[in-house]
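Each chain, written out:
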Amino acid sequence: MLSCLGSGGSGGGHGNERQAQAQRRRDRRRGRHDHRDERYRSDIHAEAVQQALAQHSKRNRVPVMPMPSKRQSLVLNNPVMDTPTELARLRHFHSQKAMRCVAQNRLSLQTPVQSGDSPVPSGDSDTSSDDESIHSGRLSTSSPEHPSRQPSGLTKNSAGGSRSSVSSQSTTASGAQGAPGGIYSIADVLQDSSGIFSIADVLQGYQEVPSSSQKTTQQLPPDVTSPSVASQTFRMDRTIDRRHRPQPKPQQPEDENVPVHGKVSAKIQQLLNTLKRPKRKPLREFFVDEEEELEAIAKEVDPNAPKAEGPVISPAVGESLAIPSGLPRNLEAAVQRYGSASYKATVITALDATGKHSITLTYGKLLSRMQKIAFSLLNKVGQKEPAIRPGDRVALVYPNSDPISFMCAFYGCLYAGVVPVPIEVPLTRKDAGSQQIGFLLGSCGVSVALTSEACLKGLPKGPSGEVAQFKGWPRLTWFVTEHLSKPAKDWMPPPRLSDEQTAYIEYTTAKDGSVMGVTVNRGAMLCHCRTLTAACNYTEGEIIVNVLDFKRDVGLWHSILTSVFNGMHVVFVPYSLMKVNPTSWLHMVTRFKATCATVKSRDMHWALVAQKDQKDINLSSLRMLLVADGANPWSLSSCDAFLNVFQNKGLKPEAICPTASSAEALTVAVRRPGRTGGQGTGRGVLSMSGLSYGVVRVDTEDKLTSLILQDVGTVMPGAVAVIVKVDNAPGLCKTDEVGEICVASGAIGAGYFGLQGLSNNTFKIQPLASDGKPMAEQTFVRTGLLGFLGPGGMIFVVGKVDGLMNISGRRHNTDDIIATVLAVEPMKFIYRGRIAVFSIKVLRDERIVIIAEQRPDSSEEDSFQWMSRVLQAIDSIHQVGVYCLLLVPANSLPKTPLGGIHLWETKQRFMEGSLHPCNVLMCPHTCVTNLPKPRQKHPEVGPSSVMVGNLVQGRRIAGAQGRDIGTLDGDDEQYRKGFSSLRLSGKQHIPSDPIESTGKTHQFLSEILQWRAATTPEEVLFSQLNAKTTAYRVRSGSISRLLRTGSGGGGAGAVSCMQLHKRAERIGCLLLEKGKINTGDHVALIFTPGIDLIAAVYGCFYVGAVPVPVRPPHHQNIATTLPTVKMIVDVSKSVAVLTMGTMLKLLKSKEAASAIDVKTWPVLLDCDDTPRKKLSSIYRAPTPEMLAYLDFSVSTTGMLAGIKMSHSAASNLSRSLKLQAELYPSRTIALCLDPFCGLGFVLWCLVGVYAGHHTILIPPADVEANPSLWLMAVSQNKVRDVFCSYGVIEISTKGLGGSTGTLRAKGVNLSGVRTCVVVAEERPRINLCNSFSKLFKDVGLSPRAVSTTFGCRVNVAVCCQGTSGPDPTSVFVDMRALRNDRVTLVEKGSPHSLCLMESGKILPGVKVVIANPETKGQCGDSHLGEIWVSSPHSASGYFTIYGDESLQNDHFSASLTTGDTTQVYSRTGYLGFLRQTDLTNHAGEYHDALYIVGSLDETLMLRGMRYHPIDIENSVLRCHKNICECAVFTWTNLLVVVVELEGPENEALDLIPLVTNVVLEEHYLIVGVVVVVDPGVIPINSRGEKQRMHLRDGFLADQLDPIYVAYNM
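Quick caveat, the model's predicted, so the values are computed rather than measured. (Residues numbered from 1 in each chain as written. Predicted model: local features only at pLDDT ≥ 70, side-chain atom pairs only at ≥ 80, totals over all residues. Heavy atoms only, no water.)

Our next topic: the overall build of the chain. A count of helices and strands for the chain gives 49 helices and 56 strands. The buried share of the chain, taken over its 1609 residues, is 63%. In the chain, of all internal contacts separated by at least 6 residues, the share reaching a separation of at least 24 is 79%. Element-wise, carbon and sulfur atoms account for 50% of the exposed surface of the chain, whose accessible area totals about 58300 Å². (Helix = DSSP H or I, 4+ residues; strand = E, 2+ residues; numbered from the N terminus. Buried < 20%, exposed > 50% of the residue type's maximum accessible area, 1.4 Å probe, protein only. Contact = heavy atoms within 4.5 Å. Areas by Shrake-Rupley, 256 points an atom, 1.4 Å probe, with all protein chains shown as cover.)

Glancing now at the nonpolar core. If you look at the biggest cluster of nonpolar residues, it comprises 115 residues, and the most contacted ones within it are L1138, L1217 and L1246. Listed in part, the 98 residues of the second largest apolar core include L361, Y363, I404 and A535. (Core = buried A, V, L, I, M, F, W, Y, C linked by side-chain atoms within 4.5 Å.)

Here helix 33 (residues 1057-1073) is 17 residues long and its end C-alpha atoms lie 24 Å apart, about the 24 Å a rise of 1.5 Å per residue gives. The element helix 33 is largely enclosed, with a buried count of 12 among its 17 residues. Buried within helix 33 are the following residues: C1057, L1060, H1061, R1063, A1064, E1065, I1067, G1068, C1069, L1070, L1071 and L1072. (Expected span 1.5 Å × (residues − 1).)

For the rest of this paragraph, the subject is the packing of helix 24 (residues 814-822) against helix 26 (residues 860-878). At their nearest, the axes of helix 24 and helix 26 sit 9 Å apart, and the two run at 130° to each other. One way to sum up the angle between helix 24 and helix 26 is to call them oblique. Crossing handedness for the pair helix 24 and helix 26: right-handed. Where helix 24 approaches helix 26, its residues D816, I817, T820 and V821 are matched on the opposing element by W866, V870, A873, I874, I877 and H878. For the contact of helix 24 with helix 26, the residue count by class is seven nonpolar, two polar and one charged. (Axes fitted to C-alpha atoms, helices over the stretch in contact; angles between N-to-C directions. Parallel < 35°, antiparallel > 145°, perpendicular 65-115°, else oblique. Left-handed = near helix turned anticlockwise from the far one by under 90°. Nonpolar A, V, L, I, M, F, W, Y, C, P; charged D, E, K, R; others polar.)

A few words now on the sheet that holds strand 32 (residues 1053-1056). One open sheet holds the seven strands; their spatial order is 32-31-40-39-41-42-43, and the pairing between them is mixed. Looking at which strands have only one partner, the edges of the open sheet turn out to be strand 32 and strand 43 (1346-1348). Taking each pair of neighbouring strands and ignoring which way they run, the sheet shows an average axis angle of 20°. Taken together, the four bridges between strand 39 (residues 1228-1232) and strand 41 (residues 1281-1284) define a ladder with parallel strand orientation. Among the inter-strand pairings, C1232 is bridged to a residue of strand 41, identified as C1284. On top of the sheet, helix 41 (residues 1269-1276) reaches strand 39, strand 41 and strand 42 (1315-1318); it is set at about 165° to strand 41, its chief contact. (Pairing = 2+ DSSP bridges.)

Evaluated as defined, the whole model comprises 26 aromatic pairs. Aromatic pair F838 and F910: ring centres 5.9 Å apart, planes at 65°, arrangement edge-to-face. Of this pair, F838 sits in strand 26 (residues 830-842) while F910 sits in helix 27 (residues 903-912), placing them 72 residues apart in sequence. For the pair shown, F838 and F910 are each scored as buried. (Phe/Tyr/Trp six-rings, centres within 6.5 Å; stacked < 30°, edge-to-face > 60°.)

To continue, consider helix 13 (residues 403-416). In a regular helix each residue adds 1.5 Å, so 14 residues correspond to 20 Å; helix 13 covers 20 Å between its end C-alpha atoms and thus fits that length. Burial analysis of helix 13 places 14 of its 14 residues in the buried class, which makes it a mostly covered element. Just beyond helix 13, the residue with positive phi is G417, at close to 75°.

Next up on the list: the pairing of strand 24 (residues 804-807). Alignment of strand 24 against strand 25 (residues 810-813), held across four bridges, turns out to be antiparallel. If you follow I807 over to strand 25, its bridge partner there is R810.

Attention now goes to the confidence of the model for the chain. Close inspection of predicted coordinates is inappropriate for parts of the model with low pLDDT. With 75% of its residues at a pLDDT of 70 or more, the chain shows a mean pLDDT of 78. Note on residues 277-289: pLDDT is under 50 here. Beyond four places in sequence and across chains, it has 42 contacts. (pLDDT = per-residue confidence, 0-100.)

Here we come to the sheet that holds strand 38 (residues 1200-1206). With antiparallel pairing, the three strands of this open sheet are ordered in space as 37-38-48. Edge strands, defined here as strands with exactly one partner in the open sheet, are strand 37 (1187-1194) and strand 48 (1437-1439). Averaged over neighbouring strand pairs, the angle between their axes works out to 40° when direction is ignored. Note: strand 38 against strand 48, three bridges, orientation antiparallel. Its bridge partner lying in strand 48, K1204 is registered against G1437.

Here's what the structure looks like:
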């Protein structure tokens, strides 16, 4: 280890070496040469970075990172894009026709800092960092003989990666183009992308496991939508609370050979090329998805890592403390001595902001003011409050420009025996870290704050003129320490307190941002002053120039305490002056011929930059230039650069004295001024790779990972220093091992105020020897500094414990990362000293985050290139990946009072997503190396083996069924004919119910309507309300009046059985007379939700036509919604279109004609234009197998699927729902859902006629205009059963969130609601349901009333909550088990728990089994499988223009391979499981609950596991308050997350890190692409379901107009 040290590290025993050193010093003094030892040049790191970048540029096939896409408005509104030149460049950049390579020859390498550069940018000088340019000298200057090497730059990507424009034009220039009227699937689009390949081919450890949907592609419903139509359709199929924005017209691609989605795919191709060689650890042999295992993988250490080999270290003992004679016995005595004997001697000269030094303080004045303040504290402060007593704590609040008032107040407190607590001046109520300071003051019991008159005037004031109450601060009494009266003649100061009493409290900030107060007792304070006097050779009358903060740390110890203790003269240079004139402290040294100066390396760098025109500087008087941040290893660069420039101005090399200190241990070490030779200085060339493993290793000069380290002096006099291990017990380190420096001395802190436990762990440790026993009885204090001991007791510091980042078993220091960042051309893109580096814990390991302020004149392209080069440099130098690199606008990072970056506040804002960056680059693929092993399926295990295993283990086979539906015999043709012959004469006997007790007949809905018109003609079947309705009670008053007012179109009204029958007859005549409809013809029904739609359906039933309900086009977005209507009409082979007058005018309008030619429509029939003459006979009796209607719907996967429902299935479905919900003619139900497909159509049009109950129809569009409409209707009509959609629930929750009191005042009472059923074809949204229940609990809604249904394409109603069955149940399952198709119940609140709600009770006549979708074997109740149903009301099959029988058989005629193989089932395409509960059903048996997990077609097969999009989306929704909606899908095995931003565009980039973090943490997935869009872009259908595949098509076709697209590396 000794060989790693430099010229001073080999000891003083070699005479030749000492002679060579002396000769070199003489040469430097004579000016013969300024060439330093080549091996220990401090600027070697800058050259190493440039060399690493050059090596990157010379590699073959360097992957190119795709540049993020940014909307033009976001670029123009960006604070960093505010110059005309930049806007011109941006416009030129937008006009580029071809996508250019990201890494073209734009690598402008590091150049020496120009002397004329301004150290502080204009316009933002108030935000310069306190730590600015800590590393700058090393990284920005080179010796003349060794300039930085200039490699040629990065080469182009051999894979041909390109980058698209950042303008919004790029999102529409490649719009979907296809043949007019072309019908093809998304698979056709995928085939066009010849350049796209699976990421499984390029990612190590990833295996693509094809899902069942991939294995049976031909078994999916036919996709009859083209990309262009799909992109237009998803704009129409959105929920009613979404706004309809015009769709940008697609433009021709710039290159005909590029596919329609070429630009997006090209960037994804770049991303795949970038990820070809990810850094991943070897994956474990078995899949273990546990948190402990993840953490173990993250902490794995390379077995080939270097280990410490030396002996256990021996303590370093400093020389004995020799107290010079003649020193005062304490600080109070020092003030009295010098204030009496040398009362005219100056103690302080304070410069103002202009550089004038007219403000001085003599020792006599200091003595006088000290006594006045002490007297006032004990006698005049707190006359109304309890008086201040010795030992009480008071706050000292003085600005950094007023050292005189601070010194007087500090010594006044000491004289009075009061404990001062110096803090920073709060400028605003929201200062960074101000709240934590308030917590410190509160814990210390501070009630009085001392300040100056000028400072008090500048504090924020409240309305009454008093000082504002700061957040987290206790209530303070502010006391001005100026213009005080003299103490009374007979006043005597209190007796001096003992040495064990607290002298002052100095605050320090921990890594987590918490502020603690370090107590320093009087004995330690005095001992510290004596130690510094001996170490620094201070003498009376010396002049010291101080630039540091005098309220804490080195500035307090040297310029306030030790200086007065020795009777010195201190010249204070305020920070405000340093920002204006960085060389002002050099002028003060020259003017006053100061012998000492206390600075930081940033001050040396600023002076170095601004010294060009300064010729009158003379530093020959300096014997000690104390570098306060000498513990930072990168301060060496500033020291060397400063010495090179100012050595010819009299600066002596031995005058530079770095020091190491901490708030807990005070001064740890300091290089003695004036010492030369072997005991003077030491340097070493160390390996940063070895340091990351905690060992000291020599590095050669040709290595890129060298760290040039200098010593910080030897152990302080009278102190003992040891090095202990950072982790676990404080065992002694070995001689070549890096650990935490611990010190035992009389000049150390006593502990953290009020934190005894934490104090014991920091201030009272006993280092353990190799045998585990304490080394000695003496206790040590942890300094928080990392380092090792060199020869002769030299201390070398490599970093701070707070700056340590443990990443994958290696330790990296934030200062090292900052140094590398600054070496990559920082002056062009970012501000020096405005960089924050910290780590966040993601997936059980720490990840590096770098945040820097970007210069306003930096372009998007150049900044991205610089960010890419930073990643390359850190990867080469430190062998670690950067997780996130952010650039924020200038002056936006939170600052400390001295202008430094407030690290903890910056980290907090990053985690909260409130930094508002202008550029972001995420690299999770590079950093995350501890992902669990992908799941591997075992094909040798067949379905029979699984079933046998379930039986052996005692698991129940998953199967359940509803109660018996009864018989509906359709073979009694004679009865059917007899019923038809009844007609409406009323002479024959009419049974009281359509289903006779004998159960002989097969009733059809058309016949039931005729029967009800004959038996109960005046009974109201349907009542409709709209947004303008004022009377919500539809059955009050005259029923005839209601019937007369009902139009049934879009207005309010009602219809009776006879009126509905007559209207249906008239429509039937219209179809026969004008439409020439034959039996079995398909008729498209285009109506708004209302009674006319119901009449049209039964009119079709009467004449034997097959109705096809179609959602009407949106009147505000005809161009994008009408093609979908036309597509359904064409696909369904409708021979006529039946609609209403207003809709017919819309279809023939000019706007509609521009989208669809009117001549292409079938026969258009107006239901209002019915023939006046009634035909004699229009009724055409159906057969059970005859089609009743076609149900078309676009699935969430983008498939337009039409199902065939027979008359038998329609009647059975109606009967099943009637029995389940107990619907009878005396009941009233309310419907608030769309009636165009699925269960909504059945409830709206069929069940009401079948059961004869009264149905209140409330269109969802009217609820959007009047959210309280349906609630008031339900309340006033005392409705017990309500059916609605998720869209209505969401509108009510958002629109009426604060109006429950108003509703209650209007008399709304929902206590009578028995069931509120949400109709859905998805997993129940339990959070939305719970929110709705809790919100309207105040108006009487029972929390047990809300439930859901479940249906799908093959069976529109599988489950529905009944009135007499058990309440809906909920369970908590493990999401990790669901990914592996297992069901594991866990307790509420368990990690990774997911709450699932039962989807209603299984309907009568329905049998449900859970089957493996691949093997078709029946599953056990602990397995997740596909839900198969057997029911008389299942659909007959798909209505398709292809006629694929294999699809028909697989979905509608499936059979199990185990168990009952003869039963025929329909496959729902949804995954779920069955659980037997403790509740009982109507038959007294245990109730079987069916839980829906998600659609099989939508599951994402990633890393061999099955992920459900809704789980990932729920996690993303929780990560930031501005995310109002999100959707996920995969593309080339990359996970794409689309989020809607509900906020300003400049907050879009805040979401990128948060989305990536939460998906990694909760799902162990790496997000490939994050897309930020406007609200309403994600397509939502009428059922409130996300159309993820339409979204994917729109994204690939550049039709989303995204705000920002981030491609994670």
